Amino acid sequence: MDRVSSFDEPLKKLLGGATAKVMAEHLDLHTVGDLLHHYPRRYEERGKLTALADLPLDEHVTVVAQVADARILMFNNGRGKRLEVTLTDGSGRLQLVFFGHGVHKPHKELLPGRQAMFAGKVSVFNRKMQLAHPTYQLLDASDADEATEAVDAFAGRLLPIYPACKQLDSWRIAKAVDAVLPSAQDAVDPLPAALREGRGFTPLPEALLKVHRPQTKADVEDAKDRLKWDEAFVLQVALARRRYADTQLPAVARRPVADGLLDAFDAELPFTLTQGQEKVSKEIFDDLATEHPMHRLLQGEVGSGKTMVALRAMLTVVDAGGQAAMLAPTEVLAQQHHRSITEMMGELAEGGMLGGSDRGTKVVLLTGSMGTAARRQALLDLVTGEAGIVIGTHALIEDKVRFHDLGLVVVDEQHRFGVEQRDALRSKGKQPPHLLVMTATPIPRTVAMTVFGDLETSVLDQLPAGRSPIASHVVPAKDKPHFLSRAWERVREEVENGHQAYVVCPRIGDDAEEAEGKKGKSKKAAPEEDGDKRPPLAVLEIADELRKGALAGLGVEVLHGRMHPDEKDDVMRRFAAGDVDVLVATTVIEVGVNVPNATAMVIMDADRFGVSQLHQLRGRVGRGSAPGLCLLVSEAHEASPARARLCAVAATLDGFELSRIDLEQRREGDVLGQAQSGVRSSLRMLTVIDDEEVIAAAREEAVAVVAADPELEHLPELRTVLAALLDKDREEYLDKG
């Protein structure tokens, strides 16, 4: 068997159909290589018992413990039998329960004093932790042959505890690993020999052996160091190759033109740009002036002036004879961008129109819900080149849309768009256009290096002068209902002082949604700690309550995703004009909405939102000269993780600090886009939050390797491993971020 194919061997050949089927369906493991990269989650020391006191509720656990006592109880007038077994480990006790015909075997085997591994889901019955019908394996079997086998397997060793599922326990996975472990010798080593020797790494076959069957804790550390490096390095090589390939593409250089649109725009600016905006603009202008496409990620705090930087880049491209397109994730945001950009540009946005500047250009909006005549005119303005700037939603990507000369694509809120959409828009240029991707979700450095590794990064971390501080407070509605009453008083005070407020709810609350909820049952992020399962608060209900109660007499309007686009636009216009006092909305206002006079925000059921989402929402207030106020209303229990999360948000306005907290709580599965792309993450051992040094070092090595040998002709092993990582799905997953 050659070196590659033993890793590609289907599991059913070695493990039998039934086990292989469970592994494929429930753990996404299909080949020998997949199973060898399914690493233990932790290790138990033989003889050292797990702390039963710390068992997590509702999780599938594996414990090593001793039987304290066992007894059979009758119920249902003697017709039913129940076996109750109490386990102990010195830290706590745990009850096992078996029913019906399932009691006979455990009753004979689980005698006081016996030690075993048990696996099952932790539940609570009569205020006691229990495992119902757990599977188990005795560790001190009385039969001599079995005892020898058990001792050989476990004595003096670290027991690997694998990520398991209900259908397959950790030790069954361990037995399956034993069956495929000889194939570890055939592992293809992706690290170039010089790098491996230079850093003194354990050979890959040995690392796989040590991670699955360590003799000592030092073995585990040794294996982890090596396996983390492999993951980081292969991923960074993939990204470095993508960056290299991008530099080989042709693009039209778009250089600034003296006395053009940009100069005219800058001359009219009523304020000076921040140092950060100047610095980032220079990075972008330098990229635009080259003959290969810019690929840049611009991340900046909410309100740090990203739109201004993007607009100046678009004007430069228009000056150089090209067109610029800005892609926004929602119609509300596209309309908002169109409004604010035409306002910022003034007469420069009325090129070719009466009263417009002779240096100006047309700025058009293109969304799915536009009327036929307006849409036809917008398409005509794009194809003739009359419109230098277009702002739109996914409607920009449709086949019908043709550009005269597309030079720059600006994508707002990158995480809302997949690679297909990005590429579809890029393909509309005669040559690949330059690409600027913007996000207001601050991304820790390692995540930027891992997830957006194909983009160069610019960061805007200064807020423009005149932005006001935002005070944030948690309002514990359940423990202290009078705090909620005070929150509504504060909203009324802000309105009386001439300002406006937002109230944000997790749900719309119309019938269509309720029916959908019953069908799909996928309510988002219900707090894990909430004992009661009431549905999240809804926009329509809260707006109704406020109109009749706490905010009676004020102008209260609603905004949500199911409204007709014209209706949404009308509400936003009236809110921006100050004709609406309080806007009760869903997260449709999360990004880009800019109403400087709105100073207060009340977020209902705040624990139902993620950390970065709360930070985004909060960024909608304090955008003018008056200080902002954000109240996080929650019924979560004081000691719950949800409440701790809210306190963290209230405690800091630093988005980077919050993104770190967010990452620590969610770990990398979500961050690396697993949920969005449906593709298994290639990272098993590496954690983007803890392994910053490894990722940074691997990136440096990867850049050097790709610069010296872009096609990896002299590194066939690395090429083989990359090909396995970057099958079509994973290419997309990498690109989606």
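Just so you know, these numbers come straight off a predicted model, no measurement behind them. (Residues numbered from 1 in each chain as written. Predicted model: local features only at pLDDT ≥ 70, side-chain atom pairs only at ≥ 80, totals over all residues. Heavy atoms only, no water.)

## Digging into the overall build of the chain
Here comes step 1: The number of helices and strands found in the chain is 28 helices and 21 strands.
Here comes step 2: Put simply, the chain has 737 residues, and 55% of those count as buried.
Here comes step 3: Within the chain, residue pairs in contact and separated by at least 24 positions form 74% of the contacts whose partners lie at least 6 positions apart.
Here comes step 4: For the chain, the accessible area works out to roughly 32,600 Å², and carbon and sulfur atoms hold 51% of it. (Helix = DSSP H or I, 4+ residues; strand = E, 2+ residues; numbered from the N terminus. Buried < 20%, exposed > 50% of the residue type's maximum accessible area, 1.4 Å probe, protein only. Contact = heavy atoms within 4.5 Å. Areas by Shrake-Rupley, 256 points an atom, 1.4 Å probe, with all protein chains shown as cover.)

## A short note on the pattern of salt bridges
Here comes step 1: Scanning all chains against the criterion turns up 36 salt bridges.
Here comes step 2: When the shortest N-O distance is used, the salt bridge between R226 and D230 registers 2.8 Å. Taken together, the residues span about one helical turn, with R226 and D230 both in helix α10 (residues 217-248) at a distance of four residues. As far as burial versus exposure is concerned, R226 and D230 are alike and both buried.
Here comes step 3: One salt bridge in this structure joins E493 and R486, with 3.0 Å as the shortest N-O distance.
Here comes step 4: Taking relative accessible area as the criterion, R486 reaches 37% and is therefore assigned partly exposed. (Salt bridge = Lys/Arg side-chain N within 4 Å of Asp/Glu carboxyl O.)

## A few points about the sheet that holds strand β16 (residues 470-476)
Here comes step 1: Pairing within the open sheet is parallel, and its six strands lie in the order β16-β21-β20-β17-β19-β18. The open sheet has two free edges, formed respectively by β16 and β18 (556-559), since each of these has just one partner strand. Strand-to-strand, the axes of this sheet are offset by a mean angle of 20°, without reference to chain direction.
Here comes step 2: Sheet topology note: the strand β20 (residues 598-603)/strand β21 (residues 628-634) ladder contains four bridges and is parallel. Opposite A600, over in β21, you have L629 as the bridge partner. (Pairing = 2+ DSSP bridges. Axes fitted to C-alpha atoms, helices over the stretch in contact; angles between N-to-C directions.)

## Things to note about the packing of helix α12 (residues 275-288) against helix α13 (residues 306-319)
Here comes step 1: Two elements in contact, α12 and α13, have axes whose closest approach is 10 Å; the angle formed by their N-to-C orientations is 30°. In terms of crossing hand, the pair formed by α12 and α13 is right-handed. Taken together, the residues of α13 that come into contact with α12 (itself represented by Q277, V280, S281, I284, F285 and L288) are M308, V309, R312, A313, T316 and V317.
Here comes step 2: The residue inventory of the contact of α12 with α13, partitioned by class, reads eight nonpolar, three polar and one charged. (Left-handed = near helix turned anticlockwise from the far one by under 90°. Nonpolar A, V, L, I, M, F, W, Y, C, P; charged D, E, K, R; others polar.)

## A look at the pairing of strand β19 (residues 582-585)
Here comes step 1: The alternating pattern of β19 places V582 and V584 and L583 and A585 on opposite faces, both of which are buried.
Here comes step 2: With four bridges joining them, β18 and β19 adopt parallel strand pairing. Residue pairing across strands places V556 opposite V582, the latter belonging to β19.
Here comes step 3: Taken together, β18, helix α21 (residues 565-576) and β19 constitute a β-α-β crossover, and its handedness is right-handed. (Right-handed = clockwise from strand over helix to strand, strands pointing away.)

## Description of the packing of aromatic side chains
Here comes step 1: By the definition in use, this model includes five aromatic pairs.
Here comes step 2: Each ring, one from F98 and one from Y136, has its centre 6.4 Å from the other, and the planes form 80°; the classification is edge-to-face. Taken together, the residues F98 in strand β4 (residues 93-99) and Y136 in strand β7 (residues 135-138) connect sequence positions 38 residues apart.
Here comes step 3: According to the relative accessible area criterion, F98 is buried, its value standing at 3%. (Phe/Tyr/Trp six-rings, centres within 6.5 Å; stacked < 30°, edge-to-face > 60°.)

## Quick look at the sheet that holds strand β10 (residues 323-327)
Here comes step 1: The sheet built from seven strands is open, its strands ordered β11-β12-β10-β13-β14-β9-β15 with parallel pairing. Bordering the open sheet on either side are β11 (362-366) and β15 (456-460), each of which pairs with just one other strand. Across the sheet, the mean angle from the axis of one strand to that of its neighbour is 20°, orientation sign disregarded.
Here comes step 2: Contacts from helix α14 (residues 331-345) reach β10, β11, β12 (387-392) and β13 (406-412) within the one sheet, and its direction differs from that of β11 by about 170°.
Here comes step 3: Against the sheet, helix α15 (residues 372-384) touches β10, β11 and β12, its axis set at about 130° to β11.

## A short note on unusual backbone geometry
Here comes step 1: Positive phi, close to 60°, is recorded for D259, a residue that is not glycine.
Here comes step 2: The residue L712 is not glycine, and still its phi comes out positive at about 55°.
Here comes step 3: Structurally, the position occupied by L712 is in the loop between α26 (692-708) and α27 (716-725).
Here comes step 4: Residue classification places L712 among the buried positions, given a relative accessible area of 0%.

## Considering the packing of helix α11 (residues 261-268) against α13
Here comes step 1: The geometry of α11 relative to α13 is characterised by a closest axis approach of 8 Å and an angle of 145° between their N-to-C directions. Every residue of α13 that contacts α11 at L261, L262, F265 and D266 is listed here: M308, L311, R312, L315, T316, V318 and D319.

## Let's talk about the environment of R172
Here comes step 1: Mapped onto the elements, R172 comes out in helix α7 (residues 170-180).
Here comes step 2: In this structure the C-alpha to C-alpha distance between R172 and T19, which are 153 residues apart in sequence, comes to 9.2 Å.

## So, the nonpolar core
Here comes step 1: If you look at the biggest cluster of nonpolar residues, it comprises 59 residues, and the most contacted ones within it are Y502, V582, V584, I589 and I603.
Here comes step 2: Leaving out residues up to four positions away in the same chain, I589 has contacts with Y502, V504, L559, L583, M601, L617 and R620. (Core = buried A, V, L, I, M, F, W, Y, C linked by side-chain atoms within 4.5 Å.)

## What to know about α11
Here comes step 1: All of the buried residues along α11 are L261, L262, A264 and F265. Within α11, the buried residues cover an arc of 165° as seen down the axis, which keeps them to one side.
Here comes step 2: Buried residues in α11 make contact with α12, α13 and α14. (Arc of directions from axis to C-beta.)

## Let's talk about the environment of A20
Here comes step 1: Along the chain, the position of A20 falls in helix α3 (residues 17-27).
Here comes step 2: Once the C-alpha coordinates of A20 and P10 are considered, the two residues, 10 residues apart in sequence, prove to be 8.4 Å apart.
Here comes step 3: Beyond its immediate chain neighbours, meaning those up to four positions away, A20 contacts L11, K12 and L29.

## Quick notes on the confidence of the model for the chain
Any segment with low pLDDT has predicted coordinates that should not be analysed in fine detail.
Here comes step 1: Scored by pLDDT, the chain comes out at a mean of 81, with 83% of its residues at no less than 70.
Here comes step 2: When the elements of the chain are averaged for pLDDT, helix α25 (residues 674-677) gives the smallest value, 32, and strand β17 (residues 500-504) the largest, 95.
Here comes step 3: Every residue in residues 667-681 is under pLDDT 50, and counting partners more than four places away or in other chains gives 32 contacts.
Here comes step 4: Scored below 50 in pLDDT, residues 728-737 shows 31 contacts in the model against residues more than four places distant or in partner chains. (pLDDT = per-residue confidence, 0-100.)

## So, the pairing of β13
Here comes step 1: A large share of β13 lies buried, amounting to seven of its seven residues.
Here comes step 2: Pairing between β10 and β13: five bridges, direction parallel. Within β13, the position partnered with Q323 by the bridge is L406.
Here comes step 3: The pairing of β13 with strand β14 (residues 434-439) spans five bridges and is parallel. Residue pairing in the sheet places V410 in a bridge with L436 of β14.

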